[in-house]
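Summary of structural features
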Amino acid sequence: MSDRERALEHYQPVAGNGLLHRRLFLAGGAAVVGAGSLGLLTARPARAQSPPGLPEWMRAPGAGMSGYGRRSRFEEHVQRYVGSAPGTTGSGSSRTPLEQLEGTITPNALHFERHHSGIPEIDPDQHRLLLHGLVERPLVFSMDALHRYPMVTRIQFIECSGNSRPNLSSEPPATTCGDIHGMVSCSEWTGIPLSVLLEEAGVDPQAQWLLCEGADAAAMSRSVPLAKAMDDTLIALYQNGESLRPAQGYPVRLFLPGYEGNISVKWLRRIKLTREPTMTRDETSKYTDLLPGGKSLIFTFPMGVKSVITSPSGGMAMQGPGLYQISGLAWSGSGSIRRVEVSADGGETWAEAALTEPLLSKALTRFRMAWRWNGGPALLMSRAVDDAGAVQPTRAALLTEKGSQVSYHNHAIQVWQVAADNQVTNAYA
Ligand SMILES: Nc1nc2c(c(=O)[nH]1)N[C@H]1C(S)=C(S)[C@@H](COP(=O)(O)O)O[C@H]1N2
Ligand SMILES: [Mo]
């Protein structure tokens, strides 16, 4: 078989409406090279003119160094979607523009934000973390003391349990991927395993829960199960290599991998060990799902297995028929992603996407898929499966199970409608 024949083999559809085999993105990109030489990519570069002219920026020395970097001014349009609760400035959320990013790490300046009463400006020299309640030795830590404990580093996502709520409304909101799903971000977090501090304080055998309180004006507080605190919970100090941003909890936050974002208390100032959950305002007034039978689900901590296609996605325009790279993100609060399937025909047929390694637990995972768009109507969907075998539900299945009152923990499949006029919009299938 010639190289050309072998390359062409990669372009055989494997599912309805033009989905191609994921090997286009596997095996060191060899097939992708084939794609270019066959001229099948939609990029369609212009014929080269040689020699190139001398651009303005080559005619004089460039700018100098700086103490703290900034991005290109040509990228400044990439912004979070900011929304404050009516009548407030610091209460609300800003969402990550997922569709404008690639890879899996969220830049610190674009990490989503959710504040219940604004961002406090905390002087680290004055800040203290108190550990008390059902312990043998109540302890108080200065920030200097905390920085001397052994640390670990992990790449993990955090997702607000209110993420994707817009898609629970009766009509699909005509907006972008990040506006709907951008209350999830992924960073490399560095901090002290909470178990280390708990062991130092000595946990009373009667303790089963921890009350964790923030130093913001809301004194936001949540109850954390002791088992999770002893497992993978971090006292986080660094995010993507630098100290936490004020918006993410500077100088210290709690970080509970995979759990609903609310429980990762920012600006952490107090941990009290208790027998029972404290039933704080923040855990009883919100984050509870009212089920069809009238019962409420409280303390549903791990975020469900989920994925979303970030490109093409709502608000984007296709550039005519041809070969496209579908790119998206998948994650699970219970572990790593085992598989992502993509459909271009509204869920009738599915093909497996290529996953970008390493497949980390409780981290965003990038998937990619090749698609030959014939220019006709298409419904793009992605469906993730985690390493425990949990499958992402459709919106209809989620609403049947959780009932019409549900307003948190929406991990349903997203549908993007691609129309013959090149427009991509949010749809319910
Ligand atoms: N002290 C405090 N911690 C908090 C909050 C808050 O308002 N105050 N918001 C919570 C919510 S609802 C979420 S989703 C996450 C958001 O974390 P981020 O702003 O770093 O993305 O922080 C949680 N921790
Ligand atoms: Mo949240």
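To keep things clear, this report deals only with the structure shown in the data block. (Residues numbered from 1 in each chain as written. Chains lettered and ligands numbered in written order. Predicted model: local features only at pLDDT ≥ 70, side-chain atom pairs only at ≥ 80, totals over all residues. Heavy atoms only, no water.)

1. A closer look at the sheet that holds strand 26 (residues 424–427)
Put simply, the test is: The pairing criterion is simple: DSSP has to find at least two bridges between the two strands. In DSSP terms, a helix is any run of H or I states spanning at least four residues, a strand is any run of E spanning at least two, and both are numbered starting from the N terminus.
Taken in spatial order, the 5 strands make up an open sheet running 21-20-24-25-26, and their pairing is antiparallel. If you trace the sheet from one side to the other, it starts and ends with strand 21 (351–352) and strand 26, each paired once. Here 4 bridges tie strand 24 (residues 378–386) to strand 25 (residues 415–418), and the two strands are oriented antiparallel to one another. When the sheet's bridge partners are listed, Leu 379 is paired in strand 25 with Gln 417.

2. Topic: the pairing of strand 15 (residues 268–274)
Defined as follows: Note on exposure labels: buried denotes an accessible area under 20% of the residue type's maximum, exposed denotes more than 50%, and partly exposed covers the range between, all computed with a 1.4 Å probe on protein chains only.
The buried fraction of strand 15 amounts to 5 of the 7 residues, a majority that puts the element mostly inside the structure. Where strand 6 (residues 128–133) and strand 15 come together, 4 bridges link them in parallel fashion. Directly across from His 132, in strand 15, lies its bridge partner Lys 272. Pairing geometry for strand 10 (residues 209–214) and strand 15, over 6 bridges, is antiparallel. Each bridged residue has a counterpart across the sheet, and for Gly 214 the counterpart in strand 15 is Leu 268.

3. Considerations on the site of ligand 1
For clarity, the threshold we go by: Proximity is defined per residue: if any heavy atom of the residue lies within 4 Å of a molecule or strand, that residue is considered near it. Between N or O atoms, a polar contact is any pair within 3.5 Å; within protein, one atom must be a potential hydrogen donor and the other a potential acceptor, and residues adjacent in sequence are included only when both atoms are from side chains. Residue exposure ignores everything except the shown protein chains as possible cover, and the areas themselves are Shrake-Rupley values with a 1.4 Å probe. Three categories are distinguished: nonpolar for Ala, Val, Leu, Ile, Met, Phe, Trp, Tyr, Cys and Pro, charged for Asp, Glu, Lys and Arg, and polar for the others, with Gly belonging to the last.
Neighbouring ligand 1 are 21 residues, the closest being Phe 112, His 116, Asp 216, Arg 253 and Lys 266. Phe 112 has a polar backbone atom sitting 2.7 Å from an oxygen atom of ligand 1. Ser 264 is positioned with one of its backbone polar atoms (N or O) 3.0 Å from a nitrogen atom of ligand 1. Protein chains shield 100% of the accessible area of ligand 1, which is 530 Å² for the free molecule. At 3 residues, the largest contribution of residues to the shell around ligand 1 is made by strand 5 (residues 113–115). Here the shell around ligand 1 is built from residues that sort into 8 nonpolar, 8 polar and 5 charged.

4. Let's talk about the sheet that holds strand 3 (residues 81–84)
The pairing of strands in a sheet happens through backbone hydrogen bonds and is either parallel or antiparallel. We count it as follows: Think of each axis as a best-fit line through the C-alpha atoms, taken over the contacting stretch in the case of a helix, with angles from 0 to 180 degrees between the N-to-C directions.
Strand order in this open sheet of 3 strands is 3-4-5, and the pairing throughout is antiparallel. Each edge of the open sheet is held by one strand with a lone partner, namely strand 3 and strand 5. Pairs of neighbouring strands in the sheet enclose a mean axial angle of 5°, with direction left out of account. In this sheet, strand 4 (residues 92–95) lies alongside strand 3 in antiparallel orientation, the contact comprising 4 bridges. Among the inter-strand pairings, Gly 83 is bridged to a residue of strand 4, identified as Ser 93.

5. Observations concerning the side chain of His 132
Along the chain, the position of His 132 falls in strand 6. Only 3.1 Å separates the side chain of His 132 from the side chain of Arg 270, close enough to count as a polar contact.

6. A word on the side chain of Gln 414
Here is the rule we go by: Two residues form a contact once any of their heavy atoms are found within 4.5 Å.
Along the chain, Gln 414 turns up in the loop between helix 8 (395–402) and strand 25. At a separation of 2.7 Å, a polar atom in the side chain of Gln 414 contacts the side chain of Asn 167. Leaving out residues up to four positions away in the same chain, Gln 414 has contacts with Asn 167, Ile 180, His 181, Val 308, Leu 380, Met 381, Ser 382, Asn 426 and Ala 427.

7. Re the packing of aromatic side chains
One pair of aromatic rings is described through two measures. These are the centre distance and the angle between the planes. Rule in force here: Ring geometry is summarised as follows: Phe, Tyr and Trp rings, the Trp one being its six-membered ring, pair when their centres sit within 6.5 Å, and such pairs are stacked at plane angles under 30 degrees, edge-to-face over 60 and tilted between the two.
The final tally for this structure, using the stated rule, is 10 aromatic pairs. Their ring planes at 40° and their centres at 5.3 Å tell us that Trp 209 and Phe 299 sit as a pair that is tilted. Placement of Trp 209 in strand 10 and of Phe 299 in the loop between strand 17 (296–297) and strand 18 (306–311) is noted, with a sequence separation of 90 residues between them. On the basis of relative accessible area, Trp 209 is assigned to the buried category, the value being 17%. Between the aromatic rings of Tyr 259 and Phe 301, the centroid separation amounts to 5.0 Å while the plane-to-plane angle is 10°, which identifies the pairing as stacked.

8. Some details on the pattern of salt bridges
Selection rule: A carboxyl oxygen of Asp or Glu within 4 Å of a side-chain nitrogen of Lys or Arg is what we treat as a salt bridge.
Using the criterion set out here, one finds 16 salt bridges in the structure. The partner of Glu 113 in a salt bridge is Arg 80, with the nearest N and O atoms 3.3 Å apart. Of this pair, Glu 113 sits in strand 5 while Arg 80 sits in the loop between helix 2 (30–37) and strand 3; the two residues are 33 residues apart in sequence, bridging distant segments of the chain. Across the salt bridge formed by Lys 362 and Asp 232, the nearest N and O atoms sit 2.9 Å from each other. With a gap of 130 residues between them, Lys 362 in the loop between strand 22 (354–355) and strand 23 (365–373) and Asp 232 in the loop between helix 6 (226–230) and strand 12 (234–239) connect regions that are remote in the sequence. Taken individually, Lys 362 and Asp 232 each receive the classification buried, so the pair is uniform in this respect. Three or more residues are tied together by salt bridges with common partners; here these are Glu 102, Arg 366 and Arg 368.

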